[in-house]
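The chain contents come next:
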Amino acid sequence: MAIYTLPELPYDYAALEPVINPQIIELHHDKHHAAYVKGANDTLEQLEEARDKEQWGSINGLEKNLAFHLSGHILHSIYWNNMDSPKDGGGGEPLAADGVGDLADAITESFGSFAKFKAQLTKAAATTQGSGWGVLAYEPISGRLIVEQVYDHQGNVGQGSIPVLVFDAWEHAFYLQYKNQKVDFIDAMWQVVNWQDVNKRYQAAKASVPLISL
Ligand SMILES: [Fe+2]
């Protein structure tokens, strides 16, 4: 039985127009995300077989595949929920009046201001070399928010950091609509950020126990 399953989208394919067109959302979710789910399940099966047969010749490749597909599944699962239609409250910036003042304060404390944070995450996502992500993550040792530039789905990550807002900067996320204008896509992404969801993830991350103190 499959360990991981493809989550349903929290909206229909056209919900994020005009920022992201329906064709991109459909392919991205139904094909790309689904492939990471299958890849993670397949790799776990292959690792079980390797253990049973005590055949370790492919261990390096299998561990790399597990990190790649599992991280792809996790980041995309967060990504869909991090976004919402502007008519349903997506976009803008986190405000105390909307019940997300705690997140707004953490962003200001960690980056100096919302504008400075927005500039850093935009730059990190838009300048990713090859395929990757721009990520806002909670770092539990310091209790601060940090921006990470993630390579593929799993590289260049601070161990123990917890992603709360993720911008997919892979070409499959934008190329059908934005062609080679990755910066324009990342700039537009801010119009569909679901701050309620980001705040929910921030609160859950803050409640976690820093592993280094155990
Ligand atoms: Fe993606």
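Here's a quick rundown of the structure. Since the model is a prediction, treat every value here as computed from it, not as a measurement.

## Let's talk about the overall build of the chain
- Regarding its fold elements, the chain presents 7 helices and 3 strands.
- The order of helices and strands in the chain, counted from the N terminus, is α-α-α-α-β-β-β-α-α-α.
- Over its C-alpha trace the chain gives a radius of gyration of 18 Å, about what one expects of a compact globule, namely 17 Å for 214 residues.
- By its C-alpha atoms, the chain is 60 × 45 × 30 Å across when sized along the principal axes.
- Across the 214 residues of the chain, 45% fall into the buried class.
- Taking the intrachain contacts of the chain between residues at least 6 apart in sequence as the baseline, contacts between residues at least 24 apart amount to 70%.
- Accessible area of the chain: about 11100 Å², with a carbon and sulfur share of 52%.
- For the chain, the distance from the average position of its 15 positive side-chain charges to the average position of its 27 negative side-chain charges is 4 Å.

## A look at the sheet that holds strand S1 (residues 132–139)
- With antiparallel pairing, the 3 strands of this open sheet are ordered in space as S2-S1-S3. Two strands in the sheet have a free side with no partner beyond their single neighbour: strand S2 (144–151) and strand S3 (162–168). On average, each strand axis in the sheet is tilted by 25° relative to the strand beside it, whichever way the strands run.
- Bridge count for S1 against S2 is 8 bridges, and the pairing is antiparallel. Residue Trp133 lies in a different strand from S2, and its bridge partner there is Val150.

Calculation criteria
Residues numbered from 1 in each chain as written. Predicted model: local features only at pLDDT ≥ 70, side-chain atom pairs only at ≥ 80, totals over all residues. Heavy atoms only, no water. Helix = DSSP H or I, 4+ residues; strand = E, 2+ residues; numbered from the N terminus. Rg over C-alpha atoms; globule rule 2.2 N^0.38 Å. Buried < 20%, exposed > 50% of the residue type's maximum accessible area, 1.4 Å probe, protein only. Contact = heavy atoms within 4.5 Å. Areas by Shrake-Rupley, 256 points an atom, 1.4 Å probe, with all protein chains shown as cover. Lys, Arg positive; Asp, Glu negative; His and termini not counted. Charge placed at Lys NZ, Arg CZ, Asp CG, Glu CD. Pairing = 2+ DSSP bridges. Axes fitted to C-alpha atoms, helices over the stretch in contact; angles between N-to-C directions.

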